Amino acid sequence: MVEIDQDFIQPPEHRPKLSIIEAENIPVIDLSPILDDSNNVKNPLVIDELVRKIGSACKEWGFFQVINHGAPLESRQRIESVGKKFFGQKMEEKKKVRRDIVNVMGYYETEHTKNVRDWKEVFDFTVKESTLVPASIDPDDKEVTHWYNQWPEFPLEMRETFQEYAQHMKKLALKIMELIALSLGLPPKRFDDFFKDETSWIRLNHYPPCPNPDIVLGCGRHKDSGALTVLAQDEVSGLEVRRKSDGEWVLVKPLPNAYIINAGDVIQVWSNDAYESVEHRVILNAEKARLSYPFFLFPSHYTMVEPLKELTNDQNPPKYRPYNWGKFLATRKRSNFMKLDVENIQIHHFRI
Ligand SMILES: O=C(O)CCC(=O)C(=O)O
Ligand SMILES: [Fe+2]
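Residues numbered from 1 in each chain as written. Chains lettered and ligands numbered in written order. Predicted model: local features only at pLDDT ≥ 70, side-chain atom pairs only at ≥ 80, totals over all residues. Heavy atoms only, no water.

> What should I look at first to understand the site of ligand 1 in this one?
Every residue near ligand 1 is listed here: Asn205, Tyr207, His222, Asp224, Leu231, Leu239, His280, Val282, Arg290, Ser292, Pro294 and Phe296. For ligand 1, an oxygen atom lies 2.6 Å from a polar atom in the side chain of tyrosine 207. In this structure, an oxygen atom belonging to ligand 1 sits 3.3 Å away from a side-chain N or O atom of aspartate 224. In isolation ligand 1 offers 300 Å² of accessible surface; the protein chains occlude 96% of this area. For the shell around ligand 1, the elements supplying multiple residues, two or more each, are strand S10 (201-207), strand S16 (280-282) and strand S17 (290-297). Here the shell around ligand 1 gets four residues from one element, more than from any other, and that element is S17. In terms of residue class, the shell around ligand 1 is built from six nonpolar, four polar and two charged. (Near = heavy atom within 4 Å. Polar contact = N/O pair within 3.5 Å; in protein donor to acceptor, adjacent residues only side chain to side chain. Areas by Shrake-Rupley, 256 points an atom, 1.4 Å probe, with all protein chains shown as cover. Helix = DSSP H or I, 4+ residues; strand = E, 2+ residues; numbered from the N terminus. Nonpolar A, V, L, I, M, F, W, Y, C, P; charged D, E, K, R; others polar.)

If you want it as structure tokens, here you go:
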């Protein structure tokens, strides 16, 4: 057995199970009824059925896959191939765009989730080339700053390829937000204003083969903190979702050209717990590397995240106090650079 660094070793209760359960009935939703091609007459009954499916997937699973989503396959193939070229380089090249406390976007190889090191390397970039965020985590400090992307010299086409892909993901994410709004009985564009100065970003996760996939994870259990995640995975499986019905970890089987969608903590708060953000993690493979690339739809930094007025009343009072998205995000980013003894900031800290 190869000796691996202690930092990677998961406590026994969080290690992968020996018998993997493949998720049989994680919903697969066909988005063709809302594709923008002119031949497609938008039939209200078909749209109602789609909205109903999205609502029940959000309630029962918190995760679903979409097919016929309109995002071009070529753009996905390009980001995947350029991403593989980037990670295939020597460490000294990748470290030229390594993230630090000032430049929080770029390459990183020592991600930790819940204080255990993940077996992966990542490359992060924001959808907007400069993203407005709070300058500090101090709640009284109103100063703002920008996050800028760090693009490597090689692969030369990385910037253009990644930015183009980001635009497709943004479009798809906002379409799904419309369906989610409808499923909650809200006007379809109800969420749009929250994303005017979005802080959305994309991460490329590269999980090398691991000699000890029984005690190490590619990404430890966590929930996504934003509104919505649109995740692409290559043909190697690894994503496990905690099934709401029984708490079991189940593997999400890769479907070619499908996207995996999950509601994040912000939707949980907006919907006052109608739609819960679900825990997930990544298991590893001893032979094969895996690439995944989630798009995280995040609101503008000045958004006060709180249960929507339309979804609360005397019988269903707000379950969360409002919190400032930018300060939440800045606090999360800061904790990436120091090992904390306390838990990272979480929405349950705002629970009433
Ligand atoms: O690699 C995956 O499938 C999931 C990664 C993930 O959950 C994340 O980056 O937040
Ligand atoms: Fe995640």
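> How should I be thinking about the sheet that holds S10 in this particular structure?
Two strands in a sheet stick together by hydrogen bonds in their backbones, pointing the same way (parallel) or opposite ways (antiparallel). Strand order in this open sheet of eight strands is S2-S3-S15-S12-S17-S10-S7-S4, and the pairing throughout is mixed. Strands at the two margins of the open sheet, each flanked by one partner only, are strand S2 (28-30) and strand S4 (106-108). Looking at each pair of strands side by side, their axes are set apart by 25° on average, direction ignored. Bridging between S4 and strand S7 (residues 121-126) involves three bridges; their strand directions are antiparallel. (Pairing = 2+ DSSP bridges. Axes fitted to C-alpha atoms, helices over the stretch in contact; angles between N-to-C directions.)

> What is the right way to read the environment of methionine 91 from this model?
Note on placement: methionine 91 falls in helix H3 (residues 91-94). Overall, the relative accessible area of 37% leaves methionine 91 in the partly exposed class. Remark: the alpha-carbon pair of methionine 91 and glutamate 109, spanning 18 residues in sequence, is separated by 9.6 Å. In this structure methionine 91 touches Tyr107 and Glu109, once residues within four positions along its chain are discounted. (Buried < 20%, exposed > 50% of the residue type's maximum accessible area, 1.4 Å probe, protein only. Contact = heavy atoms within 4.5 Å.)

> Whenever I open this one, the sheet that holds strand S1 (residues 21-22) confuses me. Can you help?
Reading across the sheet, the five strands line up as S1-S14-S13-S16-S11 and stay open at both edges, with mixed pairing between neighbours. The sheet is open, and its two borders are formed by S1 and strand S11 (219-222), each paired with just one other strand. In the sheet, strand S13 (residues 239-242) pairs with S16 via three bridges, with the strands oriented antiparallel. Of the residues in S16, the one forming a bridge with leucine 239 is valine 282.

> For this particular structure, what's the right way to read the side chain of serine 225?
Structurally, the position occupied by serine 225 is in the loop between S11 and strand S12 (228-233). Discounting residues that sit within four places of it in the chain, serine 225 has contacts with Asp265, Val266, Phe298, Trp325, Phe328 and Arg332.

> Mind showing me how you'd approach the environment of arginine 242 here?
As for its placement among the helices and strands, arginine 242 is situated in strand S13. C-alpha separation for the pair arginine 242 and phenylalanine 298, spaced 56 residues apart in sequence, amounts to 23 Å. With sequence-adjacent residues up to four places away left out, arginine 242 is seen in contact with Gly247, Glu248, Trp249, Val278 and Glu279. A distance of 3.3 Å separates a polar side-chain atom of arginine 242 from the backbone oxygen of glycine 247.

> Please explain the side chain of threonine 126 as it appears in this structure.
Within the secondary structure, threonine 126 sits in strand S7. A polar side-chain atom of threonine 126 sits 2.7 Å from the main-chain carbonyl oxygen of lysine 128. Discounting residues that sit within four places of it in the chain, threonine 126 has contacts with Met105, Thr131, Trp147, Asn149, Ser200 and Trp201.

> What is the right way to look at the packing of aromatic side chains in this model?
By convention here, two paired aromatic rings are described through the distance between centres and the angle between planes. Counted under the stated rule, the structure contains 22 aromatic pairs. Summarising the aromatic geometry, the rings of tryptophan 201 and phenylalanine 296 are spaced 4.8 Å apart at their centres and angled 40° between planes, so their arrangement reads as tilted. Here phenylalanine 296 lies in strand S17 and tryptophan 201 lies in strand S10, a separation of 95 residues in the sequence. The residues tryptophan 201 and phenylalanine 296 share a single accessibility class, namely buried. The structure contains a cluster of three or more aromatic residues connected by ring pairs, namely Phe86, Phe87, Tyr107, Phe123, Phe125, Trp151 and Phe162. Positioned over the ring face of tyrosine 108 is arginine 99, at 3.8 Å from the centre of the ring. (Phe/Tyr/Trp six-rings, centres within 6.5 Å; stacked < 30°, edge-to-face > 60°. Lys NZ or Arg CZ within 6 Å of the ring centre and 35° of its normal.)

> Looking at this structure, how should I read helix H6 (residues 325-335)?
Burial analysis of H6 places 10 of its 11 residues in the buried class, which makes it a mostly covered element. When we look at burial in H6, the residues that qualify are Trp325, Gly326, Lys327, Phe328, Leu329, Ala330, Thr331, Arg332, Lys333 and Ser335. With a side-chain oxygen lying 3.0 Å from the backbone nitrogen of glycine 326, the N-terminal cap of H6 falls on asparagine 324.

> I'm lost on the pattern of salt bridges in this one. Help?
For side chains bearing opposite charge, pairing can occur when the charged atoms are close. Taken as a whole and judged by the stated rule, the model has 26 salt bridges. Among the salt bridges present, the one from glutamate 310 reaches arginine 190, with a minimum N-O distance of 2.4 Å. In this pair, glutamate 310 is assigned in the loop between strand S18 (304-305) and strand S19 (323-324) and arginine 190 in the loop between helix H4 (158-183) and S10, connecting sequence segments 120 residues apart. A relative accessible area of 42% means that glutamate 310 is categorised as partly exposed. Here arginine 190 falls in the partly exposed class, since its relative accessible area comes to 24%. (Salt bridge = Lys/Arg side-chain N within 4 Å of Asp/Glu carboxyl O.)

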